[in-house]
Amino acid sequence: MKPTAPPQELLDLATDLVNFALAQGADEVEVAIGQGEEFNVDIRNQEIENLTQAQTRGISLRLIKDKKSASASSSDLKRETLEELIKGALGRLELTQADPWNGLPEVTAPSFPPEKLQLYDPKIQEIPIETKIELARQTEKIALQDKRITNSHGASFSSLESLHILANSKGFAGAYEETSFSLSVGLQAGETDNRAEDFWGHTSRFFDQLEPPEEIARQAVKRTTRLLHPRKIPTQQVPVVFEPEMTAWLLGFLFVCVSGTAIYQKTSFLVDKLGQRIAGANIDVIDDGLLPGKLGTRPFDREGVPCRRTQVISRGQLNSYLLDTYSARRLGLNSTGNASGSGVRPNNFHLQPGSLSPEKIISSLDKGFLLVRTIGHGLNPVTGEISRGAFGLWIEKGELAFPVAEVTISGNLQDILNQVIYIGNDLKFRSAVCGPTIAVEGITIAGN
Amino acid sequence: MKKTNSSDISAQATLHLFPFDEADYQKILSTALSRGGWLAEIFLEYTRFYHLLMEDDIIKETDESIRQGAGLRVLEGEKAGFAYTNDFKLDSLLKAAQAARAIVSSPPGQVAIPPLQQSRPEHSYYLLQGPMPASLADKIKLVKQTYYTALQAHPRIKKVRVSLVEAFQQVALINSDGLIITDARPMIKLVCLAIAEAGSRREAGFAGDGGRVDLSFLDKHNLAQRIGQEAAEEALLLLEARPAPAGEMPVVLAPGQGGVLLHEAVGHLLEADFIRKKTSIFWNKLDQIVAAEQVTIIDDPTIPRFRGSYNIDDEGTLPQKTYLIQRGRVVGFLQDRLSARLLGQALTGHGRREDYSHLPLPRMSNTYLDQGEYAPEEIIRSIKKGLYARRFQGGQVEDSGKFTFSLSSAQLIEDGKLTVPLKQVTLIGSNLEVLRDITMVGHDLAFSHQIGSCGKEGQTVPVTDGCPTVKIKKLTVGGAL
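Keep in mind it's a predicted model, so treat the numbers as computed, not measured. (Residues numbered from 1 in each chain as written. Chains lettered and ligands numbered in written order. Predicted model: local features only at pLDDT ≥ 70, side-chain atom pairs only at ≥ 80, totals over all residues.)

Summing up its helical and strand segments, chain B has eleven helices and 24 strands in all. Rg of the C-alpha trace for chain B: 24 Å, near the compact-globule value of 23 Å for 481 residues, within the 12% margin. With respect to the principal axes defined by its C-alpha atoms, chain B has extents near 75 × 55 × 35 Å. Buried positions account for 60% of the 481 residues belonging to chain B. (Helix = DSSP H or I, 4+ residues; strand = E, 2+ residues; numbered from the N terminus. Rg over C-alpha atoms; globule rule 2.2 N^0.38 Å. Buried ≥ 20, exposed ≤ 12 C-beta atoms within 10 Å, placed from the backbone.)

So this is what it looks like as structure tokens:
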């Protein structure tokens, strides 16, 4: 079950560039190399629409001298190009200014062995192209068998195999390989002037764990048809039930607000809130980069800091921000292993599940709104305000009554975190940011 | 680093960036079409980006990047085979050509490739007077002007962040129709974020500008100061802003930025891929009246200096000013080669891609609602209670025609006058209803700042939107209760 060894030429290139930059006068150097092999097929109306195959490589460099920082990146990996970029970066440092917080992390602890994290499926090299095409074709075929489905956006299968190499002048050198497979389909129901659309898909690191075409198609059909013939509703406040995908969306916004970058830039409403209660006592939020086989798992971050488990919110109290080395130094804290190269990224950032089934949550509400999708741009991390277009289902006496469209939801993340009345037991790690079904009070739904 | 003056960007110079000759191109195209297909195409790209960031009163970071690669596409019927590589070696491109032809299953035999002929765009819509990239010292000077203008605008401004991006994208298209054509596209974007604080309240203001110009353009038009001033003013205004009322009401779009509503609500659904796939509500509405008589919507990739402009599209087609809706009637769609062929319609030059690693799609460029006859004051005066939509963050549309977009700044209209500033407002509506509900169109056409981008199927391309002052009879406004 071991991945293939990374090509020696790339490992050597990383080390050589570190040495070259040091010889040119840099105090500290970081080199990251990525290599990917991608496959994607889109099937529409049972025919191949697009089929893409690609191999790509890219390199990123960061140089620090006298506490000044400059970076460069290139998809041209010729040695002379990269050496020019290094010289150019060092040249630019003459005109920029020192930032006392600049610097690479010290290597303090060894990172978790990548092979124990279940990131790589060796099967990726054996799956015939016909099988991949057939999986997408089957998914769409099953979905189109439902008479209510009137058009297809197509079904897609994609696979990605990637290699990450990181080396720096502090003595860090690491590499890991990972795989992912995705299967999805997008559908329309209804006639031209009265349409509903939705999609469903699954991404997995292991081919054998990918949800089968039947399941993807069933979910996509259910999600699309349930939105047909929506009504408008009057403006009001009722409990809003977030499906897991919507909880994930809400957590994505929370992630932005707890990220060290937003904190030190003062673009988050959670500035200076460490140690304070910011959510209800029923809220536990965790970031865990070491969960085996999950999509946000990795042995070390983009600066070589080992990934770990961080309790971000504990019983409503803000315990930790999520940090890279730079934001950590600025805030007088330690990196949490969340560096992305240009800020921070989540490593399986999730809300801890509760004990209620999603059905039980819906059936316990006299009136409510099941939120299934939002669109638009209205998220403001500076204030925590949320204002988005929304699609969902009206809940009446514990049952789903009818679909709703052309409404907006608005509220404040801080209020929402304090008004979660139910937490579901249905947490599945379908993305690097995820959560279970929740029900929330205090959100305004604006309609007519 | 190599500097490029407008005078050296000859088509030949761009073509010479790529280490291939005509025989190589012939060989690659023949390989791609060796099993058949109606088009094989090589898209070569070499783009350099230069980025500068100022924060905490220092020039904090500089970045230079190179994006190089080749995208190989084979079209057969409605199918597209695609492969890309960032290795500029003949072997790698031949391998990509083999991967791209994988969609063609029954070999009808070799398709002949005509001799390749280099052609040129008819016009240049780029304003290049200085070097690209500009000198680092000049860039720092400009960025500092913006930064300190914002920071010193008011004691309530507590933090400023300014970034400047220059990009120079050189592309060549070589295809099995015998075309060789190149384009060398400059782009500048200067943006400023200002954070204002009053007590425990904190608000952010944004502003920016740029386009297909070099740094000297920003300097000549004093844009550095203006951007800093605008970002600070927005942040300060938002400190005073109240939550918006919720519910249905008349909405007036401010000139310029309100164009994003047309972009979202109408423009996307007139992209020809959605028409041929019949996923757009407009697929069966060509020549039908869908909007009020005063509504004319145009997409024009040939407006000098605008972000959305280009000398050739990303399939090598010359761009055309394209009427989408004329006096309320649907008159055209935005075409790429595949959609135009399948629909039997003429090319418009709207096949765009984010970069070499993406397939081209029909996309908007500079989209606007043409101006009408009303004075803006007259439009505002006609409303007893409504919303004036001033600054837009962006929006999104569904196949159903339902759209939403977010305002970072708005104002209440009461008894025909602009009154209380409002913040974080969302507008939601249905496009056919909005098109019919446009009741007044102003004579003050303006365009959004040159910083906008549009996303579709995971690809982002630069765009501009525009409109005059517009009155929409009613829209759903989402705000606080």
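Let us look at the interface of chain B and chain A. Facing 67 residues of chain B, the contacting portion of chain A comprises 60 residues. The leading source of residues in the side of chain B that touches chain A is strand β2 (residues 58-76) of chain B, at twelve residues. Within the side of chain B that touches chain A, the residues separate by chemical class into 26 nonpolar, 25 polar and 16 charged. (Contact = placed C-beta atoms within 7 Å. Nonpolar A, V, L, I, M, F, W, Y, C, P; charged D, E, K, R; others polar.)

To continue, consider the domain arrangement of chain B. Residues and elements named next belong to chain B. Here chain B is partitioned into domain 1 (6-240) and domain 2 (247-478). The C-alpha-based centres of domain 1 and domain 2 are spaced at 23 Å. Between domain 1 and domain 2, the contact holds 39 residues from the first and 29 residues from the second. Of all elements in the fold, only β1 (39-55), β2, β3 (79-85), β5 (157-175), β6 (179-198), β7 (201-211) and α6 (223-240) reach the threshold of two or more residues within the side of domain 1 that touches domain 2. At seven residues, the largest contribution of residues to the side of domain 1 that touches domain 2 is made by β6. Split into classes, the residues belonging to the side of domain 1 that touches domain 2 amount to 19 nonpolar, eight polar and twelve charged. (Domains from an automatic or database assignment.)

Next up on the list: the domain arrangement of chain A. Residue and element names in this part refer to chain A. Domain boundaries in chain A define domain 1 (8-225) and domain 2 (230-448). A separation of 24 Å is found between the C-alpha centroids of domain 1 and domain 2. Tallying the contact residues gives 23 residues for domain 1 and 21 residues for domain 2. Those elements that provide at least two residues to the side of domain 1 that touches domain 2 are β1 (28-44), β4 (149-168), β5 (173-191) and β6 (194-204). Grouping the constituent residues of the side of domain 1 that touches domain 2 by class yields 14 nonpolar, seven polar and two charged.

Attention shifts here to the sheet that holds strand β10 (residues 297-299) of chain B. Residues and elements named next belong to chain B. Taken in spatial order, the six strands of this open sheet run β12-β11-β10-β15-β23-β20, and their pairing is mixed. Two strands bound the open sheet, and with one partner strand each, they are β12 (329-330) and β20 (446-447). Where strand β15 (residues 366-369) and strand β23 (residues 464-467) come together, three bridges link them in parallel fashion. Bridging from a neighbouring strand, Thr367 pairs with Asp465 of β23. (Pairing = 2+ DSSP bridges.)

What follows is about the pairing of strand β11 (residues 322-326) of chain B. Residue and element names in this part refer to chain B. With three bridges joining them, β10 and β11 adopt antiparallel strand pairing. Note on β11: the bridge partner recorded for Asp299 is Thr322. Here two bridges tie β11 to β12, and the two strands are oriented antiparallel to one another. Bridged to Ile325 within β12 is Val330. Taking the residues that link successive antiparallel strands as the turn, the β11-β12 hairpin has two residues, and the phi of Arg327 there is positive, at about 45°.

With 96% of its residues at a pLDDT of at least 70, chain B reaches an overall mean of 92. The low-confidence segment residues 1-8 of chain B, where pLDDT is below 50, has eleven contacts with residues more than four positions distant or belonging to other chains. (pLDDT = per-residue confidence, 0-100.)

The next subject is the sheet that holds strand β11 (residues 317-318) of chain A. All names here are of chain A. The strand order across the open sheet built from five strands is β11-β10-β9-β12-β18, with neighbouring strands paired in mixed fashion. Strand pairing shows two members of the sheet lacking a second neighbour, β11 and β18 (433-434), which therefore form its edges. Direction of pairing for strand β9 (residues 285-288) relative to strand β10 (residues 309-314): antiparallel, over a ladder of four bridges. For Asp287, the partnering residue across the bridge sits in β10 and is Thr310.

For the rest of this paragraph, the subject is the pairing of strand β22 (residues 459-462) of chain B. Residue and element names in this part refer to chain B. Looking at chain direction, strand β21 (residues 453-456) and β22 are connected through four bridges and run antiparallel. Paired with Ser453 across the strands is Pro462, a residue of β22. Between the antiparallel neighbours β21 and β22 lie two residues, among them Glu457 with a positive phi of about 50°.

Right, let's talk about helix α2 (residues 79-92) of chain A for a bit. Look at α2 of chain A: 20 Å from first C-alpha to last across 14 residues, which is about the 20 Å you get at 1.5 Å a residue. Among all positions in α2 of chain A, only Leu82, Leu85, Ile86, Ala89 and Arg92 of chain A are buried. Relative to the axis of α2 of chain A, the buried residues are bounded by an arc of 130° and lie together on one face. Exposed positions of α2 of chain A whose direction lies more than 90 degrees from the buried face are Arg79 and Glu80 of chain A. Turning to α2 of chain A, the residues buried within the fold contact α1 (8-23), β2 (47-65) and β3 (68-74) of chain A together with β2 and α4 (136-151) of chain B. (Expected span 1.5 Å × (residues − 1). Arc of directions from axis to C-beta.)

For the rest of this paragraph, the subject is the nonpolar core. Counting residues in each nonpolar core, the largest one holds 231 residues, and the members touching the most others are Leu371 of chain A together with Leu72, Ala194, Val252, Leu387 and Ala389 of chain B. Once residues lying within four places of it in the same chain are set aside, the contact partners of Leu387 of chain B are Ala244, Met249, Val251, Ala410, Leu412, Ile413, Val425 and Val477 of chain B. The next biggest cluster of nonpolar side chains, apart from the first, holds 30 residues, and it includes Leu17, Ile33, Leu117 and Leu163 of chain A. (Core = buried A, V, L, I, M, F, W, Y, C linked by C-beta atoms within 7 Å.)

All right, on to the environment of Asp208 of chain A then. On the secondary structure map, Asp208 of chain A appears in the loop between β6 and α4 (213-225). Sequence separation between Asp208 of chain A and Ile43 of chain A is 165 residues; the distance between their C-alpha atoms is 21 Å.

Moving on, we get to unusual backbone geometry. Here the residue pair Met132 of chain B and Pro133 of chain B is connected by a cis peptide bond, since its omega of 5° sits within 30 degrees of zero. Relative to the elements of secondary structure, Pro133 of chain B occurs in the loop between β4 (117-118) and α4. Even without glycine at this site, Lys266 of chain A takes up a positive phi of about 60°. Mapped onto the secondary structure, Lys266 of chain A falls in the loop between α6 (260-264) and β9. Residues other than glycine seldom take positive phi values, yet Arg315 of chain A does so here, at roughly 45°.

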